[in-house]
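Structural overview for review
Residues per chain, in single letters:
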Amino acid sequence: MYIVSDDELYISGEFLHEYEQMEREFKIYMYPDEDFDMYYQSPRKLMGKYSNEDFFFKNLNESQFLTTVPHEAHLKFIPISTYRMQGKRISFQKMAIVVQKYVQSLISKFHYFNPNDHFFVNCHGIGVITANGLPLLENATQVVCASRFASKFTPSKDTILPAQKLQPFSHHPPSGKDIANRNRIVHSEDDAELNKKLCPCLKSQFYTTCIAVSILAGCVPVVSLSELDLPFKDTLDWTKFSVTVTRNGDLLQYIVKDIDNQQYTVKDIDNQTFTKLHNNLLKVQKHFKWNTPPVRFDAFHMVMYELWRRKYSSFNIT
């Protein structure tokens, strides 16, 4: 069985070289959070459907990318977590005012507020509401769990954070190395359907969750190359480890629903093709895992690489 080399799993033939340069040089400045109760506070637990956002905050603080010297930074991180504010029963209108005041304070206090040099993380719809009307946020790079969490998602500027419902401190599902015992299709946040080979991920609010959970469980995902929410779309060659279609509607051909029994069955693929895709899938699982502290090539580092590529593709990366 021919299995592609590690280099062939990436769109760029210079991936490893670029990644290592990113590790050496990339610096992020995080603006000070003057009111921890209103903006962001380090989570005591990293779990639940918004834990990916928490993991990113924690990983950034644990990483070598963080700098305390603003002029040394390539990007400046705006530490806004509107989900935290919602937990304090603050209305959407009040959240928008709080965020607006905070952003305006950054602009007045610091003299380097070019939106092109900024980014923030948002894994829920509240952030879209609070970002409206704020040029610094509307024009900054958005790291989101799904494009619907962006005020306007621009693939060349913004990037997808691989979302999954995590357990505390990165307890991951089995690696799915056993081909004989396949995994699950995620149709909703809590429901799953058993399947031996494929996990079709239909466009829904749980699309990115389906993809990440499928990959970590070793189930070959069926995805659309036209989907904006495909994580690391410009870095990974998805044709090497997943079944790909060119249109979202074509995903339906892989699922047959028995209306009477309310059951799903999945179109099969030949064993040779599946074995090749599955073995390649095992190689990319590391890119969808969250760890604390972060480790090389994991989900956090891949998001960092995406930011590096998007903001500094004009660099002479040699």
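Before any of the text, the structure's been laid out above.
Let me begin by describing the structure that accompanies this report. (Residues numbered from 1 in each chain as written. Predicted model: local features only at pLDDT ≥ 70, side-chain atom pairs only at ≥ 80, totals over all residues. Heavy atoms only, no water.)

1. Things to note about the side chain of Asp 298
Topologically, Asp 298 is positioned in the loop between helix H8 (271–284) and helix H9 (299–312). The charged side chain of Asp 298 is buried without a salt bridge, its nearest counter-charge being Arg 296 at 9.4 Å. A polar contact of 2.9 Å, which involves the side chain of Asp 298, links it to the side chain of His 301. (Helix = DSSP H or I, 4+ residues; strand = E, 2+ residues; numbered from the N terminus. Buried < 20%, exposed > 50% of the residue type's maximum accessible area, 1.4 Å probe, protein only. Lys, Arg positive; Asp, Glu negative; His and termini not counted. Salt bridge = Lys/Arg side-chain N within 4 Å of Asp/Glu carboxyl O. Polar contact = N/O pair within 3.5 Å; in protein donor to acceptor, adjacent residues only side chain to side chain.)

2. Focus on the pattern of salt bridges
Taken as a whole and assessed by the stated rule, the structure comprises seven salt bridges. For Arg 310, the salt bridge is made with Asp 234, and the minimal N-O distance between the two is 3.3 Å. With Arg 310 in helix H9 and Asp 234 in the loop between strand S10 (220–224) and strand S11 (243–245), the pair connects residues that are 76 residues apart, well separated along the chain. Salt bridges here are not isolated pairs; linked through shared partners, they connect Asp 234, Glu 306 and Arg 310.

3. So, the state of the cysteines
One pass over the full model with this rule turns up three disulfides. The partner cysteine of Cys 123 in its disulfide is Cys 145, sulfur to sulfur 2.0 Å. In this structure the cystine formed by Cys 123 and Cys 145 twists about its S-S bond by roughly 60°; its chirality is therefore right-handed. Of this pair, Cys 123 sits in the loop between strand S4 (118–122) and helix H5 (126–131) while Cys 145 sits in the loop between strand S5 (141–144) and strand S6 (159–160); the two residues are 22 residues apart in sequence, bridging distant segments of the chain. On the basis of relative accessibility, which here comes to 3%, the residue Cys 123 falls in the buried class. Since its relative accessible area comes to 3%, Cys 145 is described here as buried. (Disulfide = S-S within 2.5 Å.)

4. As for the side chain of Lys 157
Within the secondary structure, Lys 157 sits in the loop between S5 and S6. Judged by relative accessible area, which is 18%, Lys 157 ranks as buried. Not counting chain neighbours up to four residues away, the residues in contact with Lys 157 comprise Glu 138, Asn 139, Ala 140, Thr 141, Gln 142 and Arg 310. (Contact = heavy atoms within 4.5 Å.)

5. Section: the pairing of S10
Counting buried residues along S10, five of its five residues qualify, which places the element largely inside the surrounding structure. The side-chain alternation of S10 yields two buried faces, one formed by Val 220, Val 222 and Ser 224 and the other by Pro 221 and Val 223. As paired strands, strand S9 (residues 198–200) and S10 are joined by three bridges and run parallel to one another. Paired with Cys 199 across the two strands is Pro 221, which belongs to S10. In this sheet, S11 lies alongside S10 in parallel orientation, the contact comprising three bridges. Residue pairing across strands places Val 222 opposite Val 243, the latter belonging to S11. (Pairing = 2+ DSSP bridges.)

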